[in-house]
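Per-entry structural report
Next come the chains, spelled out residue by residue.
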Amino acid sequence: MRRTGLALTLLGGTVAAQAQVDNLRITEVDPATGEVEVTNIGDEFTTSVNRPFCHRFVYQNNIPANTLFGAGGIQTFSLNNLDPAASDLWIYRSSPFGSAANLIQGLQYGAPVTGRAGLASGDDKWSGADSVAPMPPSGMTLSWDGFGNTAFDWYVDETPSLGSAETETPGTIPPSTAFPAGVQDFESLLLGDTVSVIQNWPVVDSSPPGAFTIRTVSDVLGTTTPRSMDSSQWLRIHDADPDDVQNRFYGPTIEAVVESNYEWRFFNAVEAPPPASGDNYPRYTIQHVDGGFANTWGIEYRNDGVYLVVIGSGGTPASTLIQASTYPDDLGVWQEVSLIVDFGMDTVSASIDGQTPVSLPINLAATADATRFRFCYRGEGVGNVGTFLLDDVSVAVDDPRLIFANGFEE
Ligand SMILES: [Ca+2]
Ligand SMILES: [Ca+2]
Ligand SMILES: [Ca+2]
């Protein structure tokens, strides 16, 4: 009888320890030095046995037995023989290493290697045998965004914080889009920082931490291939939350003084296929003040193409195809989008890469203010997920008074 009771106690203890070790996450890696940060996302516990790291079939490094992890606690470990250029890296609760159930979490960086990325992917613990997070330059690290098991959930971090939580200060970068014209090129942000470090670029997010991120990156589709333009960094919008939640951000309010036609231009690359069906597609919208800010028109990304839409306070809801898309062929392809609003003609028109524009009629609500508007990304509503790159967001306001003044000057 007593033996049975003891056995049950031990079994309960073992199950609890296993559940707790499952809360360990690799959260930051310096491939150059082999320093690895591990965070406990659960309650305090102490490791009961060695918990092995595995990289390229090397199993010699461990999180030692009797390591105390406080609730949310962070520890760093020095790994021997971690490849500084390309590797996989995982935490295991135990051997055998060929069992995906024993693999807790990890990543692959730099380039596909012979290792456990395929095994992890088969158990939804990585995004594919060939999927790789980008390689951090010297002095930078690779950090986890706190949610998800894909290469998009890892980013190059220009401000390493090995052993402590990542921090940033919102509103530290001056805004650069304002009346009558301006461009935000994201070049003055630090790699890994979110868009909220720019003044008046707020993020509204009710998802779990890390599920909706907008970070400064310099890679495309997990590689470091530069784009064929004068730009070295841009934003990655990574929305992994398909629930009916708030996932949006916007730029500064443009104050046009008098009703004026305007143009927004930006570069976008689709990195994961947009939703195939349903009402809630990712959009870049222009919002005008109508009481609060209200969506009026914009660019919508569907699985079969890029659309111009009129919505909300903009007039009769409508959409029209600008350019068809085929995925995965069109993933990671930069497109320059132009959106022009003409209040004289009452039209909004859009084009991609300077091709023939399409247009839709608009009818701005009488209660709306034509002179006050802003740029917005929306990943909201059921099924709305997506991964995009965004760069060089510019606005040009065609103020009729300025044209008139220039006419007198000549
Ligand atoms: Ca850190
Ligand atoms: Ca840029
Ligand atoms: Ca979403």
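Residues numbered from 1 in each chain as written. Chains lettered and ligands numbered in written order. Predicted model: local features only at pLDDT ≥ 70, side-chain atom pairs only at ≥ 80, totals over all residues.

1. Observations regarding the domain arrangement of the protein chain
- Partitioning the protein chain into domains gives domain 1 (2-157) and domain 2 (181-401).
- Of note, the centres of domain 1 and domain 2, computed from C-alpha atoms alone, are 36 Å apart.
- Counting from both sides, the interface comprises 16 residues of domain 1 and, opposite them, 16 residues of domain 2.
- Per-element tally for the side of domain 1 that touches domain 2: the top contributor is strand β11 (residues 154-157), with 3 residues. (Domains from an automatic or database assignment. Contact = placed C-beta atoms within 7 Å. Helix = DSSP H or I, 4+ residues; strand = E, 2+ residues; numbered from the N terminus.)

2. Concerning the sheet that holds strand β10 (residues 141-144)
- Overall, antiparallel pairing links the 5 strands, which are arranged β7-β2-β1-β10-β11 in an open sheet. Two strands in the sheet have a free side with no partner beyond their single neighbour: β7 (74-78) and β11. With direction set aside, neighbouring strand axes in the sheet form an average angle of 30 degrees.
- Summarising the sheet, strand β1 (residues 24-30) and strand β2 (residues 35-40) pair through 6 bridges and their orientation is antiparallel. Among the inter-strand pairings, valine 29 is bridged to a residue of β2, identified as valine 36. (Pairing = 2+ DSSP bridges. Axes fitted to C-alpha atoms, helices over the stretch in contact; angles between N-to-C directions.)

3. Comments concerning the nonpolar core
- Ile26, Trp90, Leu235, Leu308, Val348 and Leu390 are the most contacted members of the largest nonpolar core, which has 87 residues in total.
- Shared between two domains, this core holds at least three residues of each, these being domain 1 (2-157) and domain 2 (181-401). (Core = buried A, V, L, I, M, F, W, Y, C linked by C-beta atoms within 7 Å. Buried ≥ 20, exposed ≤ 12 C-beta atoms within 10 Å, placed from the backbone.)

4. Here's the deal with the sheet that holds strand β8 (residues 87-92)
- Here 4 strands make up an open sheet; going across it, the order is β5-β4-β8-β9 and the pairing antiparallel. Strand pairing shows two members of the sheet lacking a second neighbour, β5 (62-63) and β9 (103-109), which therefore form its edges.
- Bridge count for strand β4 (residues 51-54) against β8 is 2 bridges, and the pairing is antiparallel. Note on β8: the bridge partner recorded for phenylalanine 53 is isoleucine 91.

5. Overview of the pairing of β10
- Side chains of β10 alternate between two faces, with Thr141 and Ser143 and Leu142 and Trp144 buried alike.
- Pairing between β10 and β11: 4 bridges, direction antiparallel. Along β11, the bridge assignment pairs serine 143 with tyrosine 155.

6. Remarks on the environment of serine 164
- Among the secondary structure elements, serine 164 is positioned in the loop between β11 and β12 (181-184).
- Taking the C-alpha atoms as reference points, serine 164 and glutamate 37, 127 residues apart in sequence, are found 8.5 Å from one another.

7. So, the environment of proline 357
- One can find proline 357 in the loop between β24 (347-352) and β25 (358-361).
- For proline 357, a count of 16 C-beta atoms within 10 Å translates into the label partly exposed.
- The spacing of proline 357 and glutamine 323 is 34 residues in sequence and 9.8 Å in space, taken between C-alpha atoms.
- Here proline 357 is in contact with Ser349, Ala350 and Ser351, once residues within four sequence places are set aside.

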